[in-house]
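What follows is the residue order along each chain.
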Amino acid sequence: YNDFGQQTHSYQAHSGSVNTSTSPKVQYGYDRASNRTWRMDGILTGYDELYSYDGLYRLDDQKRGTLNGTQTAITSGTFSSSQPSRLIRPATGNS
């Protein structure tokens, strides 16, 4: 976790135990508003994720594929949703 209490990485267990030097790692990045902006999967190739938010900090776009070196774009995509917020917002008529 970082100084803001945000999860920055996690490890997957091998044979029932976690060895931080050899276990595959999943990493996360955040913006200044504490929104998760990317997820890098150290386990499966092509399953990194990039997120963007609207002006009210609601999830606006999600892409899956391979992140570039600066975690700002997906270089080869396997999934994209321009309206994921419709999938996660409650049906209150405010979409």
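Residues numbered from 1 in each chain as written. Predicted model: local features only at pLDDT ≥ 70, side-chain atom pairs only at ≥ 80, totals over all residues. Heavy atoms only, no water.

Trainee: I'd like to hear about the overall build of the protein, residue by residue, with values.
Mentor: Assigned secondary structure in the protein consists of 1 helix and 6 strands. Counting helices and strands in the order they occur from the N terminus, the protein gives β-β-β-β-β-β-α. Looking at the protein as a whole, 27% of its 95 residues are labelled buried. Carbon together with sulfur atoms contributes 48% to the accessible area of the protein, which is approximately 6500 Å² in total. (Helix = DSSP H or I, 4+ residues; strand = E, 2+ residues; numbered from the N terminus. Buried < 20%, exposed > 50% of the residue type's maximum accessible area, 1.4 Å probe, protein only. Areas by Shrake-Rupley, 256 points an atom, 1.4 Å probe, with all protein chains shown as cover.)

Trainee: Can you break down the confidence of the model for the protein residue by residue, with the values?
Mentor: In the predicted model, the protein carries a mean pLDDT of 77, and 67% of its residues have values of at least 70. Between the elements of the protein, mean pLDDT differs from a low of 46, seen in helix α1 (residues 85–88), to a high of 94, seen in strand β4 (residues 48–53). Every residue in residues 84–91 is under pLDDT 50, and counting partners more than four places away or in other chains gives 12 contacts. (pLDDT = per-residue confidence, 0-100. Contact = heavy atoms within 4.5 Å.)

Trainee: Talk me through the pattern of salt bridges; I want residue IDs and the actual numbers.
Mentor: What the rule picks out here adds up to 4 salt bridges. Salt-bridge contacts for D41 lead to R39; the nearest nitrogen and oxygen are separated by 3.4 Å. (Salt bridge = Lys/Arg side-chain N within 4 Å of Asp/Glu carboxyl O.)

Trainee: Account for the pairing of β4, with residues named and values stated.
Mentor: With 2 bridges connecting them, strand β3 (residues 36–41) and β4 associate as antiparallel partners. Note on β4: the bridge partner recorded for W38 is L50. Hairpin connection of β3 to β4: 6 residues between the antiparallel strands, including G46 at a positive phi of 85°. Both β4 and strand β5 (residues 59–67) contribute to a ladder of 6 bridges, which runs antiparallel. The partner of S52 across the bridge, within β5, is D61. Between β4 and β5, which pair antiparallel in sequence order, lie 5 residues; one of them, Y57, sits at a positive phi of approximately 65°. (Pairing = 2+ DSSP bridges.)

Trainee: Can you tell me about the side chain of N68, naming the residues and giving the values?
Mentor: Mapped onto the secondary structure, N68 falls in the loop between β5 and β6 (74–81). At 2.8 Å, the side chain of N68 and the backbone nitrogen of T72 are in polar contact. Excluding residues that lie within four positions of it along the chain, N68 makes contacts with A73 and T75. (Polar contact = N/O pair within 3.5 Å; in protein donor to acceptor, adjacent residues only side chain to side chain.)

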